Amino acid sequence: MRKVSLVATLLLVAFLLPAPAAGGKPGTYMSQAELELSQARRLLGELEDDVKGLTAEGYAFIPEERYIDAQVYFDLKHYEKAALLFTSLLEDKRFKGDKRYYDGIKLLGIATYNMGNLQGAHRQFEKLLAAGVYKGTAITYLIEIAARLQRMDELNKLVTRINESNAGQGLLYAKGKALFVVGRFGDAVEVLKRIPVSSPEGLKSHYVSGASLVALKRNDDARRMFELVVKAKSDDADAKKVQELAYLALGRLAYESGQFSSAADYYQRIPRKSEYFEQALFEVTHVHLRWAAQKEDPHERFTSYSKAEELLDILVGITKNPDVAREARVLRGRISMFLEKYEQARESYQEVIDQFASTSSELTDIASTPEIIDRFF
């Protein structure tokens, strides 16, 4: 800043100096002006050199240090910060020839995938695939992305790029999952059966295989697959989620076959802290309702209806999902009618009406206010 101010002052002095009289000789003041102008030019030259050497603040970095910082953020699962650092690193021409260049692309792809930026992740993994580097990782993630985006043509193309004879278990799982998503259930089972349940990909593979067998209407075989999943010993959080999904699947299979006691038991295996707990509550309610319809003894039927009502009360009390709450209240109202609790049924239906009335009121307010309409459209 000192140089810039000094140069501006000198230039200003030079331009404000009086010109010599017509035909007159330059006076002493002109020599001084020339001297100051010369100094200004010299300072401008120095300033220009300084500017050329400058790098915008925040982008001046040592590639080796930036890579370490990015990797640390990645390991800590601070994916946004990691992605920013990897992006700036990969765009730096000094890093293009670094032996970790493709490592950076891979980690950037994984970070953006975990951030939910599927298109951004897709670009990074396509780069790896085009370069023939980390091919297995690239195909695995590209399959996950295509599956989530329901890109069936891309999935069919990706599975043809996997050579099963030398593919690792992670890649085999990715292929099996892709085949399941595109509806090639028999092919999915054939691929996934090569993965033992004890392997890192084992639980997921057996779950997808079980789902494929359900689609093929081979329910007994599917049940055996899901039972292998829930019996496996694992403290891994992701494995626990797969096991909870398998319990849901077993509950549904038991429900469809009329084994209501077994179905209720499977659903009750899902812990309250699970993200699938609300789904389990809602489904086991239907188990008790259908179970009640099968019972001839009035007392046993009353007990099943009461249990379903109790579960719905819990669900209404804990859910943050308005759609689930609405469906649970409607179903609770129907159960109250069965139990001849007419006042309680009226209250359940009134809660649903009030919910819609609130929404209707908000929409009416929006529709009657031009400023709000303009803001939305």
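Placed above this text is the structure.
Remember, it's a predicted structure, so these values are computed and weren't measured experimentally. The residue count restarts for each chain, going from 1 along the sequence in the order it is written. Only residues with pLDDT of at least 70 are given local features in this predicted model, and only at 80 or more are side-chain atom pairs given and counted; all residues enter the totals for whole chains, interfaces and linings. Values reported for side chains reflect all heavy atoms of the structure, with hydrogen atoms and water molecules removed beforehand.

A. Summary view of a nonpolar patch on the surface. A contiguous nonpolar patch, built from Ile68, Val72 and Leu76 and spanning about 270 Å² of accessible area, is present on the exposed surface. Relative to the elements of secondary structure, Leu76 occurs in the loop between helix H3 (63-75) and helix H4 (79-90). Here, patches come from residues exposed beyond 30% relative accessible area and free of salt bridges, joined within 9 Å for like charges and within 5 Å for nonpolar side chains (Val, Leu, Ile, Met, Phe, Trp, Tyr). Accessible surface area values rest on a Shrake-Rupley calculation with a 1.4 Å probe, where residue burial reflects the displayed protein chains alone. Just to be clear on terms, a salt bridge is a Lys or Arg side-chain nitrogen sitting within 4 Å of an Asp or Glu carboxyl oxygen. Strands here are runs of E lasting at least two residues and helices are runs of H or I lasting at least four, both read from the DSSP assignment and numbered beginning at the N terminus.

B. Fine view of the packing of helix H15 (residues 277-294) against helix H16 (residues 298-318). Lines fitted to C-alpha atoms define the axes, with helix axes restricted to the stretch in contact, and inter-axis angles between N-to-C directions lie between 0 and 180 degrees. Viewed as axis vectors pointing N to C, H15 and H16 meet at an angle of 160°, and their least axial separation amounts to 8 Å. Our classification of the angle between H15 and H16 gives roughly antiparallel. Regarding H15 and H16, the two cross each other, and that crossing is left-handed. Across the interface between the two elements, Phe277, Glu278, Leu281, Phe282, Val284, Thr285, His288, Leu289 and Ala292 from H15 touch Arg301, Ser304, Tyr305, Lys307, Ala308, Leu311, Leu312, Ile314, Leu315 and Ile318 from H16. When residue character is reported, Ala, Val, Leu, Ile, Met, Phe, Trp, Tyr, Cys and Pro are called nonpolar, Asp, Glu, Lys and Arg charged, and the others, Gly included, polar. Residues of the contact of H15 with H16, tallied by class, amount to 13 nonpolar, 3 polar and 3 charged. Orientation is classified from the angle alone, with under 35 degrees giving roughly parallel, over 145 giving roughly antiparallel, 65 to 115 giving roughly perpendicular, and any other angle giving oblique. Should the near helix be turned anticlockwise from the far one by less than a right angle, the crossing is left-handed, and should it be turned clockwise, the crossing is right-handed. Should any heavy atoms of two residues lie within 4.5 Å, those residues are counted as being in contact.

C. Structural view of the packing of aromatic side chains. In summary, the pairing rule links any two rings of Phe, Tyr or Trp, Trp by its six-membered ring, whose centres are within 6.5 Å, and it sorts them by plane angle into stacked for under 30 degrees, edge-to-face for over 60 and tilted for everything else. For the coordinates displayed, the defined rule picks out 11 aromatic pairs. Pairing Phe260 with Trp291 gives two aromatic rings, centres 6.4 Å apart and planes at 35°, and the pair type is tilted. Of this pair, Phe260 sits in helix H14 (residues 260-268) while Trp291 sits in helix H15, and the two are 31 residues apart along the sequence. Relative accessibility decides the category of a residue: with a 1.4 Å probe and only protein chains considered, values under 20% of the type maximum give buried, values over 50% give exposed, and everything between is partly exposed. A relative accessible area of 7% places Phe260 in the buried class. Through successive ring pairs, a cluster of aromatic residues spans Tyr67, Phe86, Phe95, Tyr101 and Tyr102.

D. Spatial organisation of the environment of His78. Position of His78 among the secondary structure elements: in the loop between H3 and H4. Distance in space between the C-alpha atoms of His78 and Met115 is 9.4 Å, their sequence separation being 37 residues.

E. How the structure looks around H16. The span you would expect from a helix comes to 1.5 Å times its residue count less one. For H16, which comprises 21 residues, the first-to-last C-alpha distance of 31 Å matches the rise-based estimate of 30 Å (1.5 Å per residue) to within 8%. Among the residues making up H16, those that are buried are Ser304, Tyr305, Ala308, Glu309, Leu311, Leu312, Leu315 and Val316. Within H16, the buried residues cover an arc of 165° as seen down the axis, which keeps them to one side. For H16, the exposed residues set more than 90 degrees away from the buried face come down to His299 and Gly317. Pairs of N or O atoms are called polar contacts if they sit within 3.5 Å, as long as, within protein, a hydrogen donor faces a hydrogen acceptor (for residues adjacent in sequence, only side-chain-to-side-chain pairs). The backbone nitrogen of His299 lies 2.9 Å from a side-chain oxygen of the residue at the head of H16, namely Asp297. This arc is taken over the directions from the axis of the helix to the C-beta atoms.

F. Focus on helix H12 (residues 219-231). Under the 1.5 Å per step criterion, the end-to-end length of H12 is 18 Å for 13 residues, consistent within 8% with the ideal 18 Å. Along H12, the residues classified as buried are Ala222, Arg223, Met225, Phe226, Val229 and Val230. All buried residues of H12 lie within an arc of 160° about the axis, which places them on one face of the element. Residues of H12 that are buried make contact with helix H11 (202-215) and helix H13 (237-256).

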